[in-house]
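# An overview of the molecular structure
The primary structure of each chain is shown beneath.
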Amino acid sequence: MGHTTSADQPQPVDKDLSVGQPPAYAAGVPAVVRALRMSVAQMGVGRATRTLLHVNQPDGFDCPGCAWPDPSDTRRAEFCENGAKAVAEEATTRRVTPEFFAEHSIEQLRGRSDHWLGSQGRLTTPMHRPAGADHYVPVSWDAALDILANHLRALDDPDEAVFYTSGRTSNEAAFVYQLFVRAFGTNNLPDCSNMCHESSGSALTETIGVGKGTVSLEDLEQAELIVIAGQNPATNHPRMLSTLAAAKERGAVIVAINPLPEVGLKQFKDPQTVKGVVGGGVTMADDFLQVRLGGDQALFQAVGHLLLQHEASIDHDFVAAHTSGFEAYAAARASLDWPLTERATGLTRAEIEGLAQRFIDSGATVVCWAMGLTQHRHSVPMIREVVNVLLLQGNIGRPGAGVCPVRGHSNVQGDRTMGIYEKPAEPFLAALDREFAMTSPREHGLDVVNAIRAFRDHRAKVFVGMGGNFVRATPDTAVTEDALSQADLTVHVSTKLNGSHAVVGREALILPTLGRTERDDQVTGPQLVTVEDSMSMVHASHGRLKPAAPGLLSEVAIVCELARRVLPDAGIDWVGLRGDYRRIRGHIEQVVPGFEEFEKRITEPGGFRLPSGARERAFATATSRAQFTVNALHVIDCPPGHLILQTVRSHDQYNTTIYGLDDHYRGIKQGRRVVLVNPSDLEELGFADGDHVDLVSVWRDAGSDHDQERRAVRFRVVAYPTARGCAAAYFPETNVLVPLDSTAEISNTPASKSVIIRLEAASSTTAPQR
Ligand SMILES: Nc1nc2c(c(=O)[nH]1)N[C@H]1C(S)=C(S)[C@@H](COP(=O)(O)OP(=O)(O)OC[C@H]3O[C@@H](n4cnc5c(=O)[nH]c(N)nc54)[C@H](O)[C@@H]3O)O[C@H]1N2
Ligand SMILES: Nc1nc2c(c(=O)[nH]1)N[C@H]1C(S)=C(S)[C@@H](COP(=O)(O)OP(=O)(O)OC[C@H]3O[C@@H](n4cnc5c(=O)[nH]c(N)nc54)[C@H](O)[C@@H]3O)O[C@H]1N2
Ligand SMILES: [Mo]
């Protein structure tokens, strides 16, 4: 892996960019080799081996990569290429020291790419940017926490502070964090979910009474049909491919719905089986439906229509006993506008009928999805239509069937369970208040997009980020940077340097913290933490490695030390909680349903499953039944000469953490400023593979009579077999194109998979570093 640690001068961007054929197979031996090479480069052979042996093992740490669950028969190498990269990124032996900050001004850091910033190594010392200073300077923990505490106490209103959370934070840290924030007096707890699976949560809570998936790994082992819509598992959830390959081998049908022909959905070699190493691998998807971006709502409406036409496919007993709204739904789907459906989906009627037949033929169906369904304007109605189709056949709450929103960050689901949510439910607050004899605020707080607006409009003054990279991960980069720069104080609790550290308020702090892989010693001894995966399994994670620097505090310690300063009289034993995480778990047990005998059950191999009503067909909705819904069809309107752009992840990145510059499975090497466009669209638009273009997004505010344009400069055009009318480029480079106000109805998630753009000949011969 090339890295540019020593190079101090900006390098010409993408000078080595090359484009080739995507490989025929995902994973297999080359993936293991790539992973090991990356791990050894970051930490040397001995540490790499010791570290990787503990990933996802009962006595080891939870992989900080994705939230895919661990099988109960943990094989020795239960990690994947991208999990190994995530571990290497954290367990690297490189360090960012105070000397580094003396050498690099904040302005210089601001010009650097996230790849460069991340490759500098682990943060070691608390750093402070005093008002007006060009550089961060080292500061003691006491002084740093006093600065933050003083700012918080000086606010006129607790709602002037915003407390963001990314999804790697443990249950214990998340619980004390939200406890502190609510005791302080606000529900301003935006999180990465707001940009991620919020649309899933919104659609599922309303229709089946729980904002999470209903399936377990065993269900995938029993499913007859597995539909994967809007997800790229080979890159983002590689361990899912082993599950899918096993399902396939026992005869399950797999259907992929995606504008991109993602490699892992076609062919897979499992490096953890003999066959995967030496054999030909598994052909994954039986059908590949190359849907137009945003076309899934129309597609699932059409499948619903076709199932209704096929009376025998409907599970009338289930519908009668467990659902409401069927009559209205059946009436709305009784007829179908086929030309509109074909236009919205980009699919033929025969393809859509073929998909409906797969549902009809299946006795147990699971639908999996990720960001391809959640990041559109109409994501919530889109996911409701998926639920409608599953309800028709009784495919929720029985073995081998259900909804499977595949989560991103390794503990993003657990953080929500712990109360990291700007719109907390009353029962949760009531339990919290009872346990701690306090009165939590009831008024809902700010989500990510509203938090940016609040800083822009000077309503918010202090930003605290518990992990993550807020400025890079959020939309409308220029607007967001400007908004955060208005803050009085910006604070980031981080393991690694990132772009958000370079966009500072009047004052700024960087608080370095322990990672999941590291030993966490407190006064009562080494502590373990817990996490919850995508399938609601809660289990322990034991950090093993020596901390990256002697002075690092855990996230729990940082929160408790801050809380002790800000709220000494809250009647909460912050010092005691910091010293013994079992006491935090004791409180979680009292506040959060499903955590009875928490301490005992985390020692069970593989952990324990949180109860889900929907799995048992007890639907916690307004009607106590699963809800059919009728949703007006939304078709993305793309004017002539324009394309719909989706912003995706490459194989060498973890969100804003850029491990390297290759996107192996799409044939792209040593560069990220590329835009993938269908060759026929290129011809129509008058461009060719290899051209350099600017991407110009076009957006009109409601009620306005003119378009606003946003520009991302200089991308190499790649002729690529994506769906017609659709383009793809990497985030975060393209976040500058996503308008802050372009969000999903209801969930308010940035619509980063449906950005209307046009291509223009490149306006510059050079591109920005980031
Ligand atoms: N290695 C690695 N692992 C990760 C991450 C990472 O960055 N790197 N990120 C983690 C996080 S936080 C998350 S949320 C997940 C994200 O996991 P994914 O959702 O797989 O990530 P994306 O790259 O956003 O890919 C979206 C996929 O949906 C498809 N798609 C886009 N729009 C549509 C549409 O309208 N309809 C359909 N049917 N398909 C569409 C795209 O072509 C692409 O295949 O991965 C997690 N795991
Ligand atoms: N255009 C576009 N934008 C998107 C998306 C998209 O598909 N397209 N996807 C969205 C999605 S799904 C998500 S989830 C968000 C992600 O948004 P975030 O979660 O905010 O971003 P990450 O890049 O995952 O955060 C990486 C940083 O987290 C810190 N970190 C890593 N591990 C730890 C830890 O253990 N503790 C602490 N305290 N810090 C740690 C490191 O400093 C690292 O630099 O981005 C969203 N943004
Ligand atoms: Mo995510």
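Each residue is numbered by its place in its chain's sequence as written, counting from 1. All chains are assigned letters beginning at A, and all ligands numbers beginning at 1, according to the order in which they are written. Side-chain atom pairs in this predicted model are given and counted only at pLDDT of 80 or more, local residue features only at pLDDT of at least 70, and totals for whole chains, interfaces and linings cover all residues. In computing side-chain properties, one takes all heavy atoms of the structure into account and sets aside hydrogens as well as water.

### Observations regarding the UniProt feature "domain: Molybdopterin dinucleotide-binding" (unreviewed entry) in the protein
Rules: UniProt positions are given in the numbering used here, feature names are shortened, and annotations may be inferred rather than shown by experiment. Only runs of H or I of at least four residues qualify as helices and only runs of E of at least two qualify as strands under DSSP, and these elements are numbered from the N terminus.
Per the UniProt record, the feature "domain: Molybdopterin dinucleotide-binding" (unreviewed entry) sits at residues 643-755. Measuring from the first to the last C-alpha atom of residues 643-755 gives 8 Å, for a span that is 6% helix and 37% strand.

### A word on the site of ligand 2
Here is the rule: Being near a molecule or strand, for a residue, means having at least one of its heavy atoms within 4 Å of it. Within 3.5 Å is the distance limit for a polar contact, defined as a pair of N or O atoms, with the added protein rule that one can donate a hydrogen and the other accept it, and that residues adjacent in sequence qualify only through two side-chain atoms. Only the protein chains shown count as cover for residues, with accessible areas throughout obtained via the Shrake-Rupley method and a probe of 1.4 Å.
Taken together, 30 residues surround ligand 2, and among them Y164, S166, A473, E555 and T656 come closest. In this structure, an oxygen atom belonging to ligand 2 sits 3.2 Å away from a side-chain N or O atom of Q375. A distance of 2.9 Å separates an oxygen atom of ligand 2 from a polar backbone atom of N469. About the coverage of ligand 2: the protein hides 96% of its 920 Å² of free accessible area.

### Here we look at the sheet that holds strand β32 (residues 726-730)
To keep things clear, this is the line we draw: Following DSSP output, two strands are said to pair if at least two bridges run between them. Here an angle of 0 to 180 degrees is reported between the N-to-C directions of two axes, which are lines fitted to C-alpha atoms, with helices fitted over the stretch in contact.
Strand order in the closed barrel formed by six strands is β25-β32-β29-β31-β30-β33, and the pairing between neighbours is mixed. On average, each strand axis in the sheet is inclined to that of its neighbour by 45°, with strand direction left out of account. Pairing of strand β25 (residues 643-648) with strand β33 (residues 755-761), which is carried by three bridges, proceeds in the antiparallel orientation. Looking at β33, one finds that L643 is bridged to I757.

### Re the site of ligand 1
Our working rule: Residues are grouped as follows: nonpolar covers Ala, Val, Leu, Ile, Met, Phe, Trp, Tyr, Cys and Pro; charged covers Asp, Glu, Lys and Arg; every other residue, Gly included, is treated as polar. Note: domain ranges come from an automatic or database domain assignment.
Within the structure, ligand 1 sits among 31 residues, and N258, E262, D296, Q653 and N655 are positioned closest to it. Contact distances for ligand 1 include 3.3 Å between an oxygen atom and a backbone N or O atom of G230. Within the side chain of D296, one N or O atom sits 2.6 Å away from a nitrogen atom of ligand 1. Looking at side-chain class alone, the shell around ligand 1 contains 11 nonpolar, 16 polar and four charged residues. Residue contributions to the shell around ligand 1 reach at least three from each of two domains, namely domain 1 (6-20 + 639-767) and domain 3 (198-405).

### What about the packing of aromatic side chains?
The description of an aromatic ring pair rests on the distance of the ring centres and on the angle between the ring planes. Worth spelling out the cut-off: Each aromatic pair joins two rings of Phe, Tyr and Trp (for Trp, the six-membered one) with centres within 6.5 Å, and gets the label stacked for planes under 30 degrees apart, edge-to-face for over 60, and tilted for any other angle. For a ring to carry a charge above it, either NZ of a lysine or CZ of an arginine must fall within 6 Å of the ring centroid while also lying within 35 degrees of the normal to the ring plane.
Inspection of every chain in the model, using the stated rule, returns 19 aromatic pairs. Seen in terms of ring centroids, Y164 and F470 are 5.0 Å apart; in terms of plane orientation they differ by 75°. Their pairing is edge-to-face. Of this pair, Y164 sits in strand β7 (residues 161-165) while F470 sits in helix α23 (residues 470-473); the two residues are 306 residues apart in sequence, bridging distant segments of the chain. Cluster of aromatic residues (ring-pair linked, three or more members): F163, Y177, F180, F184 and W574. The residue whose ring lies beneath R168 is Y654, and the NZ or CZ to ring-centre distance is 5.0 Å.

### Side note on the pattern of salt bridges
For the record, the criterion: Whenever Lys or Arg places a side-chain nitrogen within 4 Å of a carboxyl oxygen from Asp or Glu, that contact is recorded as a salt bridge.
Enumeration according to the criterion identifies 50 salt bridges in this entry. E561 is the salt-bridge partner of R564, the closest N and O atoms lying 2.8 Å from each other. Of this pair, R564 and E561 both sit in helix α25 (residues 555-566), separated by three residues, roughly a single helical turn.

### Focus on the domain arrangement of the protein
For the record, the criterion: Throughout, a contact is declared for two residues whenever any of their heavy atoms are within 4.5 Å. Buried area: the sum, over both parts, of the accessible surface (1.4 Å probe) that disappears when the two are put together.
Annotation of the protein at the domain level lists domain 1 (6-20 + 639-767), domain 2 (90-195 + 411-608) and domain 3 (198-405). Taking only C-alpha atoms into account, the centre of domain 1 sits 27 Å from that of domain 3. Tallying the contact residues gives 26 residues for domain 1 and 25 residues for domain 3. Summing the contributions of domain 1 and of domain 3, the shared interface buries around 2200 Å²; its carbon and sulfur component is 57%. Of all residues in domain 1, Y665, E745 and K753 bury the most surface against domain 3, accounting for 24% of the area lost on that side. Our count for the domain 1 to domain 3 interface comes out at two salt bridges. Remark: the boundary between domain 1 and domain 3 carries 11 residue pairs in polar contact (both at pLDDT 80 or more). Those elements that provide at least two residues to the side of domain 1 that touches domain 3 are β25 and β32. Residues belonging to the side of domain 1 that touches domain 3 are distributed by class as follows: 13 nonpolar, nine polar and four charged.

### Some thoughts on the sheet that holds strand β18 (residues 507-512)
Ordered in space as β6-β5-β18-β17-β16-β7, the six strands form an open sheet in which the pairing is mixed. Whereas interior strands pair on both sides, the edge strands pair on one side only; in this sheet they are β6 (137-138) and β7. Note that strand β17 (residues 489-494) and β18 share six bridges and pair parallel. Paired with S494 across the two strands is P512, which belongs to β18.

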